[in-house]
Amino acid sequence: ALPDLIANNPYFRGWKDSIVQNATQYYSLPVVKYFMDNDSGILDNAREVKMRVKAFSYVYRMTNDTKWVDRAYQEIEVGRVSCYAIVMYLIRVLCQNVGSDNFGPSTDKWNNAHFLDTAEFCAAYAIVYDWLYDVLQDDQKSAMRTTLLQYGLTPGLSVYNGDPNGIGWWRQSTITGNWNCVCNSGIIMASLAILGDYTT
């Protein structure tokens, strides 16, 4: 229904134009680089990735131009884990300077101790996985699931199974800031995105 609404409603057309303009600006930027900010971890990185992939994925859905799929996956690839898959991706779309070795420490790329970061990456992956599902290749989806499980969903599940690492203070229903809703929504979005493909 959205293309018809855009064609016939200035309000929707204005939003579409704004998102396309943003996506066009992001397209020519280098992929988001890992930067640990002592106060907020890698939250700025995570939010930047999520903002970009939402725009790229939306523009793809509106245009069917697969260059937006490639660019969205280029951002997602930064937080990935499999060196083999990275090499295959580099060969396939000729993107350079992207890979797991360039994005944070190998043990905790999504900074679970500051779980907002993790949750925002979960949400970004969920958006790409869901909105671009029909055009992503099976190896891309598999790699995304592996990364989500390792850096997002497994640490999130451990919070709900006793929180042995003490990272889940935000899960209590008495928390009144944005941590509870952001962390839970990121985990939920990621879980729902891969539900049909990963059934454990």
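Everything quoted here is computed from the prediction, not taken from an experiment.

### Some details on the overall build of the protein
And then number 1: Of regular secondary structure, the protein possesses eight helices and zero strands.
And then number 2: From first element to last, N terminus to C terminus, the protein shows the α and β order α-α-α-α-α-α-α-α.
And then number 3: Residues counted as buried form 46% of the 200 residues belonging to the protein.
And then number 4: A sequence separation of at least 24 residues applies to 64% of the contacts in the protein between residues at least 6 apart.

### Notes on helix 2 (residues 10–27)
And then number 1: Given a rise of 1.5 Å per residue, 18 residues ought to cover 26 Å, and the 25 Å separating the end C-alpha atoms of helix 2 matches this to within 8%.
And then number 2: One side-chain oxygen of the residue at the start of helix 2 lies 2.8 Å from the amide nitrogen of Y11, identifying that residue as N9.

### As for the packing of helix 2 against helix 4 (residues 67–77)
And then number 1: Two numbers describe how helix 2 lies on helix 4: the axes approach to 11 Å, and their chain directions differ by 60°. Relative to helix 4, the element helix 2 lies oblique. Here the hand of the crossing between helix 2 and helix 4 comes out left-handed. For the pair helix 2 and helix 4, contact is made by A23, T24, Y26 and Y27 and by K67, W68 and R71, respectively.
And then number 2: Of the residues that constitute the contact of helix 2 with helix 4, the class distribution is four nonpolar, one polar and two charged.

### Considering a nonpolar patch on the surface
And then number 1: A cluster of nonpolar residues, I188, L192 and L195, forms a patch on the protein surface that exposes about 320 Å² of accessible area.
And then number 2: If you trace the backbone, L195 turns up in the segment after helix 8 (179–194).

### Notes on the nonpolar core
And then number 1: Grouped together as the largest cluster of nonpolar side chains are 49 residues, with contacts concentrated most on I76, F115, V128 and M144.
And then number 2: Elements with a minimum of two residues in this core: helix 2, helix 3 (43–63), helix 4, helix 6 (115–131), helix 7 (138–160) and helix 8.
And then number 3: For this core, the element with the most residues is helix 6, which contributes 10 residues.
And then number 4: Sequence-distant contacts of F115, defined by excluding residues within four places in its chain, comprise G152, P155, G156, I167, W170, W179, C183 and I187.

### Brief notes about the packing of aromatic side chains
And then number 1: Scanning the entire structure with this criterion turns up 11 aromatic pairs.
And then number 2: Considering the side-chain rings of W169 and W179, the 4.7 Å spacing of their centres and the 45° angle between planes classify their relative orientation as tilted. In this pair, W169 is assigned in the loop between helix 7 and helix 8 and W179 in helix 8, connecting sequence segments 10 residues apart.
And then number 3: You can call W179 buried: its relative accessible area is 16%.
And then number 4: Here a set of aromatic residues connected by ring pairs shows up, and it is made of Y26, Y27, F56 and W68.
And then number 5: The ring centre of Y27 lies 4.9 Å from the NZ or CZ of K67, which sits over that ring.

### Re the confidence of the model for the protein
It should be kept in mind that the predicted coordinates are not to be read in detail where pLDDT is low.
And then number 1: The predicted model of the protein has a mean per-residue pLDDT of 85, with 87% of residues at 70 or higher.
And then number 2: Per-element averaging of pLDDT across the protein places helix 5 (residues 83–93) at the bottom with 35 and helix 2 at the top with 97.
And then number 3: Predicted confidence for residues 81–100 stays below pLDDT 50, and this span has 41 contacts to residues more than four positions away or in other chains.

### Side note on helix 3
Spacing of three or four residues puts side chains on the same side of an α-helix, whose turn is 3.6 residues.
And then number 1: The end-to-end C-alpha distance of helix 3 is 30 Å, a good match for the 30 Å that 21 residues give at a rise of 1.5 Å each.
And then number 2: Taken as a whole, helix 3 has its buried residues at L43, N45, A46, V49, R52, V53, A55, F56, S57, Y58, V59 and Y60.
And then number 3: Buried residues along helix 3 sit against helix 1 (2–8), helix 2, helix 4 and helix 6.
And then number 4: N64 sits one or two positions beyond helix 3 and adopts a positive phi of about 60°.

About the cut-offs
- Residues numbered from 1 in each chain as written.
- Predicted model: local features only at pLDDT ≥ 70, side-chain atom pairs only at ≥ 80, totals over all residues.
- Heavy atoms only, no water.
- Helix = DSSP H or I, 4+ residues; strand = E, 2+ residues; numbered from the N terminus.
- Buried < 20%, exposed > 50% of the residue type's maximum accessible area, 1.4 Å probe, protein only.
- Contact = heavy atoms within 4.5 Å.
- Expected span 1.5 Å × (residues − 1).
- Polar contact = N/O pair within 3.5 Å; in protein donor to acceptor, adjacent residues only side chain to side chain.
- Axes fitted to C-alpha atoms, helices over the stretch in contact; angles between N-to-C directions.
- Parallel < 35°, antiparallel > 145°, perpendicular 65-115°, else oblique.
- Left-handed = near helix turned anticlockwise from the far one by under 90°.
- Nonpolar A, V, L, I, M, F, W, Y, C, P; charged D, E, K, R; others polar.
- Patch = residues over 30% accessible without salt bridge, like charges linked within 9 Å, V, L, I, M, F, W, Y side chains within 5 Å.
- Areas by Shrake-Rupley, 256 points an atom, 1.4 Å probe, with all protein chains shown as cover.
- Salt bridge = Lys/Arg side-chain N within 4 Å of Asp/Glu carboxyl O.
- Core = buried A, V, L, I, M, F, W, Y, C linked by side-chain atoms within 4.5 Å.
- Phe/Tyr/Trp six-rings, centres within 6.5 Å; stacked < 30°, edge-to-face > 60°.
- Lys NZ or Arg CZ within 6 Å of the ring centre and 35° of its normal.
- pLDDT = per-residue confidence, 0-100.

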